[in-house]
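# Observations on the three-dimensional arrangement
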Amino acid sequence: MFLLNSIIADPGRLDDLLSIAGSSLWPMMKGAITYTIPLSLISFVIGLVLAVFTALARLSSIKILNIIARIYVSVIRGTPLLVQLFIIFYGLPNLGLTISPVPSAIIGFSLSVGAYASEIIRAAIISIPKGQWEAGYSIGMNYGQTLRRIILPQAARVSVPPLSNSFIGLVKDTSLASLVLVSELFRQAQEITASNYEFLLLYTEAAAIYWVICTILSIVQGRVEVRLERYTAK
Amino acid sequence: MKKLLSILSLLIVSAIVLSACGNKDESKGNQSSKKEDELYNKVKKEGILKIGTEGTYAPFTFHDKSGNLTGFDVEIAEEVAKRLGVKPKFMETQWDGMFAGLDAKRFDMVANEVTIDKDREKKYDFSDPYIQSGRVLIVNKENKDIKKFEDLKGKKSAETLGSDHFKIAKSYGSDVQSVEGFAQAAELVNQKRVAAAVNDKISFLEYTKKHPNASLKVVAEADNPAKMGLQFRKGNDKLVEEVNKALKDMHKDGTYKKISNKWFGEDVSPK
């Protein structure tokens, strides 16, 4: 009744809100398409490559590689992403290294993904039974061949659900890029609210768009899992 | 996909519905005087005036060396609370968070050198203006292309999100990068990542006092100075009235002048 009254009392209000919701949808989607999604994809790919090397370094018997990998993972996991982004963007120029907003964000996000995902990949590699390594060696493969042809494909299957988690986390973390001048999805929402002060409406709209993106990613995750199933030794 | 879309629209519709409700609450306050007194009575009863502020905007609202919140706006707000017979409780957040906080009833008032402008007056109530300051165009000392506001066209500038400086820069066709506050804007001009920043004259002077090595200079000042007021949700006329009374008394008995002199070395009250 309360709501009905409010709309009757001020019918223009509802029209206003609908038109704000409508007109703000495109700028936010644009923020998502031009920044949120590309930032996530690029950072994730770079981060994943970094993660594979870090995981292998952690598993290798070469001591120095092992130590470097440990320090990297420890520093990145032990400090907030927001702080890392601020150091890269606002701090490094004091050392004479000025990086533009988008590359700064990509560096920050890739380093973050690299550290977290390396632990996932390391766990996945360890989870493949020793017998698989021995099988590889017994037919004359060396370390690299066994890793590439037998171990990694199986490890990939194991690591898909946790890596998808990382990716979905990354999509949402890109909202931090707004603090280093990248006008991604959430920044668009903030900028629109800054002039019309409709916080609830626009923040909900932004949340809804993030949610749709992440739901689509979950669907993709399901497909990938099915596809990788065929590599698994049963 | 279809299901997803329908849930999505449901979510947005419920936000619209809730927003519609939210405003209703306030607009009703405009009509009935009983509602008007409610917030004032609540503040009096609890003995606490909740004040939203940034805490990062010297010399208006910032933390001194020992970490205490202080500044011109903070002292004015403290004095207002004292005269209302209540305790001030400062709650610090970012500039755009302040407005959201006021909307969400987390604070009763915002004290943060908020410029009174037409757009804001549509949504909020303001006290009588309690400060007036120029708006200046700040560029890097090495910059030679920007000499007046018109030169901002197509140039990058850094402005606080939702500030009226943001609107000014945009109105001159600048490619505005939104930042969280003046400190970040100054840093970006310093690092030459943006060409300029429009900001408040007083806060610029304060910044250069604290950062004498900063490579910043003022090249122009806007004709119309900005007037700032304490900011309230609509529909709390009684509270605004009492605050205005307190501000007037402060002017009369010289308290205002004392605070103004302490922070700026001059009287900054609106002419």
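Residues numbered from 1 in each chain as written. Chains lettered and ligands numbered in written order. Predicted model: local features only at pLDDT ≥ 70, side-chain atom pairs only at ≥ 80, totals over all residues. Heavy atoms only, no water.

## Here we look at the overall build of chain B
For clarity, the cut-off: A run of H or I in DSSP counts as a helix once it spans at least four residues, and a run of E counts as a strand once it spans at least two, with each numbered from the N terminus. As defined in this context, the radius of gyration uses C-alpha atoms, and a globule is described by 2.2 Å times the residue total to the power 0.38. Remark: exposure states derive from per-residue accessible area (1.4 Å probe, protein chains only) relative to the maximum for the residue type, with buried under 20%, exposed over 50%, and partly exposed in between. All accessibility values rest on the Shrake-Rupley procedure with a 1.4 Å probe; residue burial counts only the protein chains present in the view. Note that His is not counted, nor are the chain ends; the positive residues are Lys and Arg, and the negative ones are Asp and Glu. Note that the charge is assigned to NZ on lysines, CZ on arginines, CG on aspartates and CD on glutamates.
Helices and strands together make up the secondary structure of chain B, namely 10 helices and 13 strands. Taking 18 Å as the expected radius of gyration for a compact globule of 271 residues, we find that chain B reaches 20 Å, a close match to that expectation. The dimensions of chain B, computed from C-alpha atoms along their principal axes, are 65 × 60 × 35 Å. The burial tally for chain B puts 56% of its 271 residues in the buried class. For chain B, the accessible area works out to roughly 12500 Å², and carbon and sulfur atoms hold 53% of it. The distance from the centre of the 48 positive side-chain charges to the centre of the 42 negative ones in chain B is 2 Å.

## Focus on the interface of chain A and chain B
This is how it is decided: Here, two residues are considered to be in contact whenever any of their heavy atoms come within 4.5 Å of each other. Here the quantity called buried area is the total loss of accessible area, with a 1.4 Å probe, experienced by two parts when brought into contact, counted for both. Criterion for a salt bridge: a side-chain nitrogen of Lys or Arg within 4 Å of a carboxyl oxygen of Asp or Glu. Within 3.5 Å is the distance limit for a polar contact, defined as a pair of N or O atoms, with the added protein rule that one can donate a hydrogen and the other accept it, and that residues adjacent in sequence qualify only through two side-chain atoms.
On the side of chain B, 34 residues touch chain A, which itself brings 37 residues to the contact. Of all residues in chain A, Tyr90, Leu181 and Tyr197 of chain A bury the most surface against chain B, accounting for 19% of the area lost on that side. Counting the contacts that link chain A with chain B gives one salt bridge. Measuring nitrogen to oxygen at the nearest pair gives 2.9 Å for the salt bridge that ties Glu180 of chain B to Arg187 of chain A. For the interface between chain A and chain B, the tally reads nine residue pairs in polar contact (both at pLDDT 80 or more).

## A closer look at the packing of aromatic side chains
To describe a pair of aromatic rings, you give the distance between the ring centres and the angle between the ring planes. All names here are of chain B. To keep it simple, the criterion reads: In this analysis, rings of Phe, Tyr and Trp, with Trp reduced to its six-membered ring, are considered paired at centre separations within 6.5 Å, and the interplanar angle assigns stacked below 30 degrees, edge-to-face beyond 60, and tilted for intermediate values.
Inspection of the entire model under this criterion finds 19 aromatic pairs over all chains. With a centroid separation of 6.0 Å and an interplanar angle of 85 degrees, the aromatic rings of Phe72 and Tyr256 are classed as edge-to-face. Here Phe72 is found in helix H3 (residues 72-84), whereas its partner Tyr256 is found in helix H10 (residues 255-264), with 184 residues between them in sequence. For the pair shown, Phe72 and Tyr256 are each scored as buried. Ring centres of Phe99 and Tyr124 lie 5.9 Å apart, and the angle between their planes is 35 degrees; on these two criteria the pair is classed as tilted. Taken together, the residues Phe99 in helix H4 (residues 95-103) and Tyr124 in strand E6 (residues 124-126) connect sequence positions 25 residues apart.

## Describing the UniProt feature "domain: ABC transmembrane type-1" (unreviewed entry) in chain A
The following threshold applies: UniProt positions are given in the numbering used here, feature names are shortened, and annotations may be inferred rather than shown by experiment.
Under the feature "domain: ABC transmembrane type-1" (unreviewed entry), the UniProt entry names residues 33-221 of chain A. For the annotated span residues 33-221 of chain A, helix accounts for 83% and strand for 0% of the residues, and the straight-line distance between the end C-alpha atoms is 20 Å.

## Section: the side chain of Asp164 of chain B
Mapped onto the elements of the fold, Asp164 of chain B is located in helix H6 (residues 164-171). Discounting residues that sit within four places of it in the chain, Asp164 of chain B has contacts with Thr115, Asp117, Arg120 and Arg135 of chain B.

## A short note on empty space enclosed by the protein
Residues and elements named next belong to chain B. Our working rule: In this analysis the probe radius is 1.4 Å and the grid spacing 1 Å, with only protein atoms considered; a cavity is a set of points the probe fits into but cannot get out of, a pocket is an open set with protein on both sides within 12 Å along at least five of seven lines, and lining residues have an atom within 4 Å of a point. Grid points are joined across faces, edges and corners, and a volume is the space filled by probe spheres set on the points. Polarity classes work like this: nonpolar for Ala, Val, Leu, Ile, Met, Phe, Trp, Tyr, Cys and Pro, charged for Asp, Glu, Lys and Arg, and polar for all others, with Gly in that last group.
Per the stated rule, a full pass over the model turns up two cavities of 30 Å³ or more. Roughly 130 Å³ of volume is contained in the largest cavity. Along its surface, the largest cavity is lined by 15 residues, and Tyr57, Trp95, Glu113, Ser163 and His165 are the ones closest to its centre. Mapped onto the lining of the largest cavity, the elements with two or more residues apiece are strand E5 (109-115) and H6. Here the lining of the largest cavity takes three residues from E5, the largest share from any one element. In terms of residue class, the lining of the largest cavity is built from four nonpolar, seven polar and four charged.

## Re the confidence of the model for chain B
All names here are of chain B. Applicable threshold: A residue's pLDDT is simply how confident the predictor is in it, with values from 0 to 100.
Per-chain confidence: chain B averages 89 in pLDDT, with 94% of residues scoring 70 or above. The model gives residues 27-33 a pLDDT under 50, and that stretch makes six contacts with residues more than four places away or in other chains. ipTM for the predicted complex: 0.71, alongside a pTM of 0.81.

## Comments concerning the pairing of strand E9 (residues 156-160) of chain B
Residue and element names in this part refer to chain B. Basically, it comes down to this: Following DSSP output, two strands are said to pair if at least two bridges run between them. Looking down the strands as they point away from you, a crossover is right-handed if its path from the first strand over the helix to the second goes clockwise.
When you tally the buried positions in E9, you get four out of five residues, the bulk of the element. In this sheet, strand E10 (residues 175-179) lies alongside E9 in parallel orientation, the contact comprising five bridges. Along E10, the bridge assignment pairs Ser157 with Val176. Crossover E9 to E10 through H6 is right-handed.

## Some thoughts on the nonpolar core
To be explicit about the condition: The set of buried Ala, Val, Leu, Ile, Met, Phe, Trp, Tyr and Cys residues whose side-chain atoms join them within 4.5 Å is what this entry labels a nonpolar core.
One finds Leu49, Phe72, Ile76, Val80, Met109, Ile131 and Leu230 of chain B to be the most contacted residues of the largest nonpolar core, which totals 82 residues. Looking at this core, the element that brings in the most residues is helix H5 (residues 101-127) of chain A, giving nine residues. The residues contacting Met109 of chain B, other than those within four sequence positions of it, are Leu49, Lys50, Ile51, Gly52, Ala77, Leu102, Leu230, Gln231, Phe232 and Val243 of chain B. In this structure, Ile192, Ala208 and Val212 of chain A together with Ile12 of chain B belong to the second largest nonpolar core, which totals 25 residues.

## Some remarks on the UniProt feature "domain: Solute-binding protein family 3/N-terminal" (unreviewed entry) in chain B
If you check UniProt for "domain: Solute-binding protein family 3/N-terminal" (unreviewed entry), the listed places come out as residues 48-267 of chain B in our numbering. Here residues 48-267 of chain B is 37% helix and 29% strand, with 29 Å between the C-alpha atoms at its ends.

## What about the UniProt feature "transmembrane region" (unreviewed entry) in chain A?
Residues and elements named next belong to chain A. On the UniProt side, "transmembrane region" (unreviewed entry) is annotated at positions that read residues 32-59, 71-92 and 200-220 here. With 100% helix and 0% strand, residues 32-59 has its two end C-alpha atoms placed 37 Å apart. Secondary structure content for residues 71-92 is 86% helix and 0% strand, and the end C-alpha separation is 20 Å.

## Some remarks on the confidence of the model for chain A
Here chain A shows a mean pLDDT of 91. Residues at 70 or above account for 95%. Here helix H1 (residues 2-9) of chain A stands out as the least confident element of chain A, with mean pLDDT 65; helix H3 (residues 63-78) of chain A is the most confident, with 97.

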